[in-house]
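Fold and geometry: a report
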Amino acid sequence: MANGRRRSYIWGYLQRRRYYVLIAAALSVVVVVLLLSATSLSDYGANLSLNLGADLIGTIVVLFVIAPFMGRAERSNEAVLERFDHRAFIKQVADARQRVMILELWTDLLQGGYQQQFLTALRAALNRGVEVRMLLLDPDARAAEQRADDLLRQTDVVDNINDNLRILHEFRRDLRDWMQANLDIRVYSALPPVQMYRVDDHVIVSFYPVNVTSWNAAQYQTSPQAQLGTFVGTKFDELWEARSTRTLEQFRKIMLHAEDDAWSYPVRFVSTDDQIYVSGREIVAGNLRSGIDGLPVRVENGNAKGETQRSESFSLVPVEPGADDHDIAHEMFRSKYGQNHHDVILKLVAPVPAVE
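Reference entry: report on the structure contained in this document. (Residues numbered from 1 in each chain as written. Predicted model: local features only at pLDDT ≥ 70, side-chain atom pairs only at ≥ 80, totals over all residues. Heavy atoms only, no water.)

Further remarks concern the environment of Phe 84. Turning to its location among the elements, Phe 84 is positioned in the loop between strand E1 (79-81) and helix H3 (86-94). Given the relative accessible area of 3%, Phe 84 is considered buried. In this structure, the C-alpha to C-alpha distance between Phe 84 and Ser 214, residues 130 residues apart in sequence, is 8.2 Å. Each residue touching Phe 84, except ones within four places of it in the same chain, is listed here: Phe 89, Leu 109, Tyr 197, Ile 204, Trp 215, Ala 217 and Gln 219. (Helix = DSSP H or I, 4+ residues; strand = E, 2+ residues; numbered from the N terminus. Buried < 20%, exposed > 50% of the residue type's maximum accessible area, 1.4 Å probe, protein only. Contact = heavy atoms within 4.5 Å.)

This part is about the nonpolar core. In globular proteins that are soluble, nonpolar side chains generally tend to be buried together. Ranked by size, the top nonpolar core spans 60 residues in total, and within it Phe 89, Val 93 and Phe 118 carry the most contacts. Excluding anything up to four places from it in sequence, Val 93 contacts Val 100, Phe 118, Ala 121, Leu 122, Ala 125, Arg 128 and Val 199. Counting 24 residues, the second largest nonpolar core, distinct from the first, contains Trp 263, Tyr 265, Phe 269 and Tyr 277. (Core = buried A, V, L, I, M, F, W, Y, C linked by side-chain atoms within 4.5 Å.)

The next subject is the sheet that holds strand E2 (residues 99-103). In space, the 8 strands of this open sheet follow the order E1-E7-E6-E5-E2-E3-E4-E8, with mixed pairing throughout. This sheet does not close on itself; its edge strands, each paired only once, are E1 and strand E8 (246-247). For E2 and strand E3 (residues 131-137), the ladder comprises 5 bridges, and the chain directions are parallel. Within E3, the residue paired with Met 101 across the bridge is Arg 133. The strands touched by helix H6 (residues 157-173) within the sheet are E3 and strand E4 (183-188), with E3 carrying the most contacts at an inclination of about 155°. (Pairing = 2+ DSSP bridges. Axes fitted to C-alpha atoms, helices over the stretch in contact; angles between N-to-C directions.)

This brings us to the environment of Ala 218. Tracing the backbone shows Ala 218 in the loop between strand E6 (202-206) and strand E7 (219-222). The spacing of Ala 218 and Tyr 208 is 10 residues in sequence and 10.0 Å in space, taken between C-alpha atoms. The residues contacting Ala 218, other than those within four sequence positions of it, are Leu 81, Glu 82, Val 205 and Ser 206.

Its place among the elements puts Asp 108 in the loop between E2 and helix H4 (115-127). The side chain of Asp 108 is buried and forms no salt bridge, while Arg 83, the nearest opposite charge, is found at 5.8 Å. A polar side-chain atom of Asp 108 sits 2.8 Å from a polar atom in the side chain of His 86. Discounting residues that sit within four places of it in the chain, Asp 108 has contacts with His 86, Tyr 114 and Trp 215. (Lys, Arg positive; Asp, Glu negative; His and termini not counted. Salt bridge = Lys/Arg side-chain N within 4 Å of Asp/Glu carboxyl O. Polar contact = N/O pair within 3.5 Å; in protein donor to acceptor, adjacent residues only side chain to side chain.)

Sheet topology places strand E9 (residues 253-258) next to strand E10 (residues 264-271); 5 bridges connect them, and they run antiparallel. Along E10, the bridge assignment pairs Lys 253 with Arg 268. The antiparallel hairpin formed by E9 and E10 contains 5 residues in its connecting segment, where Asp 261 sits at a positive phi of about 60°. With 4 bridges connecting them, E9 and strand E12 (residues 295-302) associate as antiparallel partners. Bridged to Met 255 within E12 is Glu 300.

Moving on: the pattern of salt bridges. Under the defined criterion, the tally for this structure stands at 20 salt bridges. The partner of Asp 138 in a salt bridge is Arg 246, with the nearest N and O atoms 2.5 Å apart. Pair noted here: Asp 138 is in the loop between E3 and helix H5 (142-150) and Arg 246 is in strand E8, with a separation of 108 residues, a long-range link. For the residue pair Asp 138 and Arg 246, the accessibility class agrees, reading buried in each case.

Below, the structure is given as structure tokens:
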């Protein structure tokens, strides 16, 4: 009987492998036909790279990671869940022994009825020396706008991320120093292919479907040693160490230096595609005699790897309350730092190149 079951399993395995090969062959034929038909389009190469990159990753993940996972789930403790179980995860965090890792755009564990329970569980874990690492999306990144489009603009992605990061900053600020050292929060800029919630050897994975938040989509329960767990763990490590990834502190403040290095200030800031605004009360107070209008400064940017670089020279220009961009800048500060943000707003203006 055992031999019969073994032969049946092997036969099923071979049939599944044949099925995957047939699908891969069919996809290859379709891709070749589409590529040949598109060669006459303008910007062919750029459009090809942009549009096929994410789709190719998604297809490979589904075909070679998710499909085998679905088969194994029937024979192991791996499982497919209808949606994210918030209360179960909070309990796991409260009982964590080694590590908690979260890779998300933003998490509703920090919103509504889950916020206090989650932060209490997180504090209990940190109090036992558990290492907590969290990666959330940079709200200024293009990927945030991309996800807002996926959700048909029915969810304010930027505000949700800013709320998460502000709550985590306030939570971390109130911890004891040795607990703060175990809570590492970073902000990344590239849209990841997966979402991950991990406590010790329990891993929950999901993807980012159109018009559905990830925690309301199917969830894949696995382990760090499984194929899917290894895949998402690698993606987490890549984003954690990426040169574009910043610490929470670097996301909240940049260092502003006088052109002659006579002074420097860590300042709050917000940015659009082509403009940086900074909170300027300290700068104004320190330059009362000379004034600040047109004052030359440089911005020091850093990343989570400890690398820093200084920008070209900018001029500081006050943004008066009646200016066209004052209300826009004020709203951006409010979204990032909260309702209580009231400060002098300055903008950094790049010098106009001389006309030869």
